[in-house]
Amino acid sequence: MNRPSHLTTDAELYSGSVARLVSLFYDELVELGRFEPVSASELPDEYRRLLAHNDHMTVTLEAANDCLVDVHVLAEWRDEASYARNSLLTRQRDGGVIQFGIMRIWLADLPAEACDEITVQRVPLGRVLVHHNVLRQVELITLWRISPGPALRRHVPLSAQQTIYGRSAQILVDERPTVQLLEIVVPTR
């Protein structure tokens, strides 16, 4: 796949982009769940606080959980220009899963040290970008209501009937779309 010249903000078109991102790790989007775009006003309060913003999810989740988070990579994918991973974020204090995510990064847009730190899979993406002071802007693209599928339920403690929420976002580095994100959060309750 070539690097996109831009990512659209139209929810219907972006859902196709989410399906392409998910296809790096799963045969069909429905394995993760059924995705329906929603507005911020349709989100339950806690999900709205966790998802409806233009900040790094690492920073947001660490603040909401009052502890640092760890990354656990489920799978990774690479081509000549990009690196992608499917991962979980967990609370350091008890190991509880708080986010399921998929990201794809165009590595040429980042300093080599940041790329190395990302690909060794020990530190969450947001913390790496902050640590390396990469000039970046997080853009929320679409909020999603998700009926979880079997792959999502395998990794996140959910029942088949439980609704969960997530978002599509992108990170611009020096005003270039550099990271595509699908972030599905588990409320802190």
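Just above sits the structure.
Below you will find a few notes about this structure. (Residues numbered from 1 in each chain as written. Predicted model: local features only at pLDDT ≥ 70, side-chain atom pairs only at ≥ 80, totals over all residues. Heavy atoms only, no water.)

1. Some words on the pattern of salt bridges
On inspection of all chains with the given rule, the structure shows nine salt bridges. Of the charged contacts in the structure, one is a salt bridge between Glu36 and Arg145, with a shortest N-O distance of 3.1 Å. Separated by 109 residues along the polypeptide, Glu36 in strand 1 (residues 33-38) and Arg145 in strand 5 (residues 136-148) bring together distant segments of the chain. By relative accessible area, Glu36 is classed as partly exposed at 40%. Between Arg91 and Asp94 there is a salt bridge, and its shortest N-O distance comes to 2.9 Å. Through salt bridges that share partners, Glu36, Glu42 and Arg145 make up one connected network. (Salt bridge = Lys/Arg side-chain N within 4 Å of Asp/Glu carboxyl O. Helix = DSSP H or I, 4+ residues; strand = E, 2+ residues; numbered from the N terminus. Buried < 20%, exposed > 50% of the residue type's maximum accessible area, 1.4 Å probe, protein only.)

2. Description of the packing of aromatic side chains
Scanning the entire structure with this criterion turns up two aromatic pairs. Ring geometry for Phe35 and Trp144: centres 5.8 Å apart, planes at 75°, overall edge-to-face. Of this pair, Phe35 sits in strand 1 while Trp144 sits in strand 5, and the two are 109 residues apart along the sequence. We note that Phe35, like Trp144, is buried. Ring geometry for Tyr47 against Tyr165: centres 4.7 Å apart, planes inclined by 55°, an arrangement best described as tilted. One end of the pair, Tyr47, is in helix 2 (residues 45-51); the other, Tyr165, is in strand 6 (residues 164-173), and 118 residues separate them in sequence. On the basis of relative accessibility, which here comes to 6%, the residue Tyr47 falls in the buried class. (Phe/Tyr/Trp six-rings, centres within 6.5 Å; stacked < 30°, edge-to-face > 60°.)

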